Amino acid sequence: IENYGVMVQSANSRITSSGGNVLVTGHGGGVGASLNNFGIQVLAGGQITAGGSGSVTVQGTGGAVSGSNNRGLHLIGAGSQITSGGGAVLVVGTGGGTGGSSSNHGVVTENSALVTAGGLGSVTVVGTGGNSTGTRGNNQFGVYVFTSQISSAGGSVSVTGNGGGSGSGANN
């Protein structure tokens, strides 16, 4: 279980630049019925950020396994952020999973996490739920925002979610 492509954990953990662009790409691993194979997880105050006019691009793909919770990007907890000082922020997440696995969301932000751009920077979030099948292939959300925020100080904000799942799965 828990085969992360990239994990940024704790308030002292950062992927950052002082003004250049930042690109983070992660692919969840795992085999068989393993669980929680996130492309990228940022938690407990971890940050992915660019200063000045640098842009931030974060792309995560969940593991292609039959276990559940194979998320593209999971951003959780107070202080956990994907942000820029004024450049564009792009977050793209694709849920994984196969067979009847469930909760393979593309992008999840929760529990006071923040996706934002400073200045006139735009924020774009695109999420696609996993393509599991069968009666258990439920809850394949494209973008799931729970007690968290996606915003910009002065630029545009665009959020696009594409539900996944097929067959007789529900809540996709």
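A few points on the structure.

Conventions and cut-offs
Residues numbered from 1 in each chain as written. Predicted model: local features only at pLDDT ≥ 70, side-chain atom pairs only at ≥ 80, totals over all residues. Heavy atoms only, no water. Helix = DSSP H or I, 4+ residues; strand = E, 2+ residues; numbered from the N terminus. Rg over C-alpha atoms; globule rule 2.2 N^0.38 Å. Areas by Shrake-Rupley, 256 points an atom, 1.4 Å probe, with all protein chains shown as cover. Buried < 20%, exposed > 50% of the residue type's maximum accessible area, 1.4 Å probe, protein only. Pairing = 2+ DSSP bridges. Axes fitted to C-alpha atoms, helices over the stretch in contact; angles between N-to-C directions. Contact = heavy atoms within 4.5 Å. Phe/Tyr/Trp six-rings, centres within 6.5 Å; stacked < 30°, edge-to-face > 60°.

1. Things to note about the overall build of the chain
Counting its secondary structure elements, the chain contains zero helices and 15 strands. In terms of C-alpha radius of gyration, the chain reaches 15 Å, essentially the compact-globule figure of 16 Å for 172 residues. Considering only C-alpha atoms, the chain reaches an extent of 45 × 30 × 25 Å along its principal axes. As displayed, the chain has an accessible area near 6700 Å², and 50% of this comes from carbon and sulfur atoms.

2. Considering unusual backbone geometry
In this structure, Ala44 takes a positive phi of about 55° despite not being glycine. As for its position among the elements, Ala44 is in the loop between β4 (40–43) and β5 (47–50). Overall, Ala44 belongs to the partly exposed group, its relative accessible area being 44%. Phi at Asn111 is positive, roughly 55°, even though this residue is not glycine.

3. What to know about the sheet that holds strand β15 (residues 157–162)
Spatially, the five strands line up as an open sheet ordered β3-β6-β9-β12-β15, and their pairing is parallel. Two strands bound the open sheet, and with one partner strand each, they are β3 (22–27) and β15. The mean inter-strand angle of the sheet, taken between neighbouring strand axes irrespective of direction, is 5°. In terms of strand pairing, strand β9 (residues 89–94) meets strand β12 (residues 123–128) through six bridges, oriented parallel. In the sheet register, Thr94 faces β12, and the bridge partner there is Thr128.

4. Some details on the side chain of Thr109
Turning to its location among the elements, Thr109 is positioned in strand β10 (residues 107–110). Note on Thr109: relative accessible area 1%, which makes it buried. Once you skip the residues sitting within four places of it in the chain, Thr109 turns out to touch Leu75, Val115, Tyr144, Val145, Phe146 and Ser148.

5. Regarding the packing of aromatic side chains
Taken as a whole and assessed by the stated rule, the structure comprises three aromatic pairs. Ring geometry for Tyr4 versus Phe38: centroids 5.3 Å apart, planes at 35°, classification tilted. Of this pair, Tyr4 sits in the segment before β1 (6–9) while Phe38 sits in the loop between β3 and β4, placing them 34 residues apart in sequence. Looking at Tyr4, the relative accessible area reads 23%, which means it is partly exposed. Judged by centre distance (6.3 Å) and plane angle (25°), the ring pair of Tyr144 and Phe146 falls under stacked. Pairwise contacts between aromatic rings join Phe141, Tyr144 and Phe146 into one cluster.

6. Some remarks on the sheet that holds strand β2 (residues 14–17)
Spatially, five strands are ordered β2-β5-β8-β11-β14 in an open sheet, and the strand pairing comes out parallel. Two strands lie at the open edges of the sheet, namely β2 and β14 (149–152), each paired on one side alone. Pairs of neighbouring strands in the sheet enclose a mean axial angle of 5°, with direction left out of account. The pairing of β5 with strand β8 (residues 81–84) spans four bridges and is classified as parallel.

7. Considering the pairing of β9
What you see with β9 is a clean split: Val89, Val91 and Gly93 sit on the buried side and Leu90, Val92 and Thr94 on the side with no burial. The pairing of strand β6 (residues 56–61) with β9 spans six bridges and is classified as parallel. By the bridge assignment for β9, Gln59 is matched with Val92.

8. A closer look at the environment of Ile150
With respect to the helices and strands, Ile150 occurs in strand β14. Along the chain, Ile150 and Gly87 lie 63 residues apart, while their C-alpha atoms are 15 Å from each other. Sequence-distant contacts of Ile150, that is, excluding residues within four places in its chain, are made with Val115, Val123, Val125, Val145, Val157 and Val159.

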